[in-house]
Amino acid sequence: MEIIQQLVNGISLGSIYALIALGYTMVYGIVKLINFAHGDVFMVGAFIGFFAIAKFHLGFFPALILSMVICAILGVVIERIAYKPLRNATRIAALITAIGVSLLIEYGTIYLRGAQPEAYPSNVLPEKALKIFGVEINSQSLFILLVSVILMVILQFIVHKTKTGKAMRAVSEDMDAARLMGINVDNTISATFAIGSALAGAAGVIFGVYYTKIEPLMGIIPGLKAFVAAVLGGIGHIPGAMVGGLLLGVIEALVSALGYSLWRDAVAFVVLILILIFLPSGLFGKNIREKV
């Protein structure tokens, strides 16, 4: 029965990866940029949630919304200052800039508050064992999974049913044609960064509540794993990022359940190598139309 709990834990962890991976895949789908600063936006979201809950005594949902709003603003600022001037530059220039922004956020955070870790209060969400079909499952895991799924559904609604979402899909398909059709490409790209960063901020709060400990360099490994999840699903493909994140979380949980918990980080990168060798376009890559 423990394997069921491990699967639920894996799906909950995978949903956090999926929320971060959505930012990677949305930005890549529109501007063909791997935003390596995205994992650090996730870290900033975790700290905003911590201060909102521990210092200002807000509940989980107000802290989640506050983190999403501030991270959305941060995402737009990063795009306008760091990436917009490089819109027509080579991809390697944008990639190096993304790494530079990542280091700036990490060590800027350390400079402002120090490198010491913080711990989320243990009573943010009620933690109790729920019996479902005779199996005991942690209530926090189910709650986190539910919140993550709701956020993913809202994203799908935005992308497919709103004017902004239609503009994002048009710009992703052909930026020049979208501009000729009267779409404000710059605002659409900023909106993409805002939405992706808001989801990363939400993932940061969820991660902090679930794992308690947060620190300024915490965005590196989850950020890289979310990138693996995006590649696994087919980078540029939104449902693919969701599936890739959930699948990666389940794989990690199964590795831990088999007694190889020290290998769980390595497994993510083994998956990346295998995907790049045998399925370089990802699980849903056939649906991606990349402009050459």
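Computed from a predicted structure; not experimentally measured.

1. Some details on the packing of aromatic side chains
Stage number 1. By the definition in use, this model includes twelve aromatic pairs.
Stage number 2. An aromatic cluster of at least three residues, connected via ring pairs, comprises Phe42, Phe207, Tyr210 and Tyr211.
Stage number 3. Lysine 32 extends its terminal NZ or CZ atom over the ring of tyrosine 28, reaching a point 5.9 Å from the ring centre.

2. Some thoughts on the pattern of salt bridges
Stage number 1. Under the definition given, this model contains nine salt bridges.
Stage number 2. For the salt bridge of arginine 179 with aspartate 176, the shortest nitrogen-to-oxygen distance reads 3.5 Å. Here arginine 179 pairs with aspartate 176, and both are found in helix α7 (residues 175–180), just three residues apart, close to one helical turn.
Stage number 3. For lysine 225, the salt bridge is made with glutamate 252, and the minimal N-O distance between the two is 3.0 Å. In this pair, lysine 225 is assigned in helix α9 (residues 220–233) and glutamate 252 in helix α10 (residues 238–257), connecting sequence segments 27 residues apart. An identical accessibility class is assigned to lysine 225 and glutamate 252; each is buried.
Stage number 4. Taken together, the salt bridges that share partners define one network made up of Glu79, Arg80, Lys84, Arg87 and Asp186.

3. Side note on a nonpolar patch on the surface
Stage number 1. Residues Val243, Leu247, Val270, Ile273, Leu274, Ile277, Phe278, Leu279 and Leu283 make up a contiguous nonpolar surface patch of roughly 800 Å² in combined accessible area.
Stage number 2. Elements represented by at least two residues in the nonpolar patch include exactly α10 and α11 (264–278).
Stage number 3. Per element, the largest residue contribution to the nonpolar patch is five residues, and it comes from α11.
Stage number 4. Note on placement: valine 270 falls in helix α11.

4. Some points on the confidence of the model for the protein chain
Stage number 1. Chain-level statistics for the protein chain give a pLDDT mean of 90 and a share of 95% at 70 or above.
Stage number 2. Averaged pLDDT values for the elements of the protein chain fall to 70 in strand β2 (residues 129–132) and rise to 97 in helix α3 (residues 60–83).
Stage number 3. Taken as a whole, residues 287–292 scores under 50 in pLDDT and shows ten contacts with residues more than four places along the chain or in a different chain.

5. Some points on helix α6 (residues 163–173)
Stage number 1. Buried residues of α6: Gly165, Ala167, Met168 and Val171, and no others. Take α6 and look down its axis: the buried residues cluster within an arc of 160 degrees, on one side only.

6. Thoughts on the packing of α3 against helix α5 (residues 139–161)
Stage number 1. For the pair α3 and α5, the least separation of the axes is 14 Å and the interaxial angle reads 40 degrees. If you check the angle between α3 and α5, you find them oblique. The two elements α3 and α5 cross, and the hand of that crossing is right-handed. Along its contact with α3, which presents Phe60, Phe61, Leu64 and Met68, the element α5 presents Phe143, Val147 and Leu151.
Stage number 2. The class makeup of the residues in the contact of α3 with α5 is seven nonpolar, no polar and no charged.

7. Brief notes about the nonpolar core
Stage number 1. Counting residues in hydrophobic clusters, the biggest one holds 87 residues, and the most contacted among them are Phe60, Tyr83 and Leu155.
Stage number 2. Ranked by residues supplied to this core, first place goes to helix α8 (residues 185–211) with 15 residues.
Stage number 3. Aside from chain neighbours lying at most four places away, what touches leucine 155 is Leu22, Met26, Ile195, Leu199, Ile238 and Met242.

8. So, the side chain of serine 148
Stage number 1. The topology assignment puts serine 148 in helix α5.
Stage number 2. In this structure the side chain of serine 148 is engaged in a polar contact, spanning 3.2 Å, whose partner is the side chain of serine 15.
Stage number 3. Contacts of serine 148, omitting those with residues within four sequence positions, involve Ser15, Leu19 and Ile206.

9. Comments concerning the environment of leucine 86
Stage number 1. Within the element layout of this structure, leucine 86 appears in the loop between α3 and α4 (91–113).
Stage number 2. Using a relative accessible area of 25% as the deciding quantity, one classes leucine 86 as partly exposed.
Stage number 3. On a C-alpha basis, the gap between leucine 86 and threonine 97 in space is 9.0 Å, while along the polypeptide they are eleven residues apart.
Stage number 4. Not counting residues up to four positions away in its chain, the partners in contact with leucine 86 are Ala93, Ala94 and Thr97.

10. Considerations on α9
Stage number 1. In a regular helix each residue adds 1.5 Å, so 14 residues correspond to 20 Å; α9 covers 20 Å between its end C-alpha atoms and thus fits that length.
Stage number 2. Of all 14 residues making up α9, eleven are buried, and the element is well covered by its neighbours.
Stage number 3. Residues of α9 that are buried: Pro222, Gly223, Lys225, Ala226, Phe227, Val228, Ala229, Ala230, Val231, Leu232 and Gly233.
Stage number 4. Just downstream of α9, glycine 234 is the residue with a positive phi angle, here 110 degrees.

Thresholds applied
- Residues numbered from 1 in each chain as written.
- Predicted model: local features only at pLDDT ≥ 70, side-chain atom pairs only at ≥ 80, totals over all residues.
- Heavy atoms only, no water.
- Phe/Tyr/Trp six-rings, centres within 6.5 Å; stacked < 30°, edge-to-face > 60°.
- Lys NZ or Arg CZ within 6 Å of the ring centre and 35° of its normal.
- Salt bridge = Lys/Arg side-chain N within 4 Å of Asp/Glu carboxyl O.
- Helix = DSSP H or I, 4+ residues; strand = E, 2+ residues; numbered from the N terminus.
- Buried < 20%, exposed > 50% of the residue type's maximum accessible area, 1.4 Å probe, protein only.
- Patch = residues over 30% accessible without salt bridge, like charges linked within 9 Å, V, L, I, M, F, W, Y side chains within 5 Å.
- Areas by Shrake-Rupley, 256 points an atom, 1.4 Å probe, with all protein chains shown as cover.
- pLDDT = per-residue confidence, 0-100.
- Contact = heavy atoms within 4.5 Å.
- Arc of directions from axis to C-beta.
- Axes fitted to C-alpha atoms, helices over the stretch in contact; angles between N-to-C directions.
- Parallel < 35°, antiparallel > 145°, perpendicular 65-115°, else oblique.
- Left-handed = near helix turned anticlockwise from the far one by under 90°.
- Nonpolar A, V, L, I, M, F, W, Y, C, P; charged D, E, K, R; others polar.
- Core = buried A, V, L, I, M, F, W, Y, C linked by side-chain atoms within 4.5 Å.
- Polar contact = N/O pair within 3.5 Å; in protein donor to acceptor, adjacent residues only side chain to side chain.
- Expected span 1.5 Å × (residues − 1).

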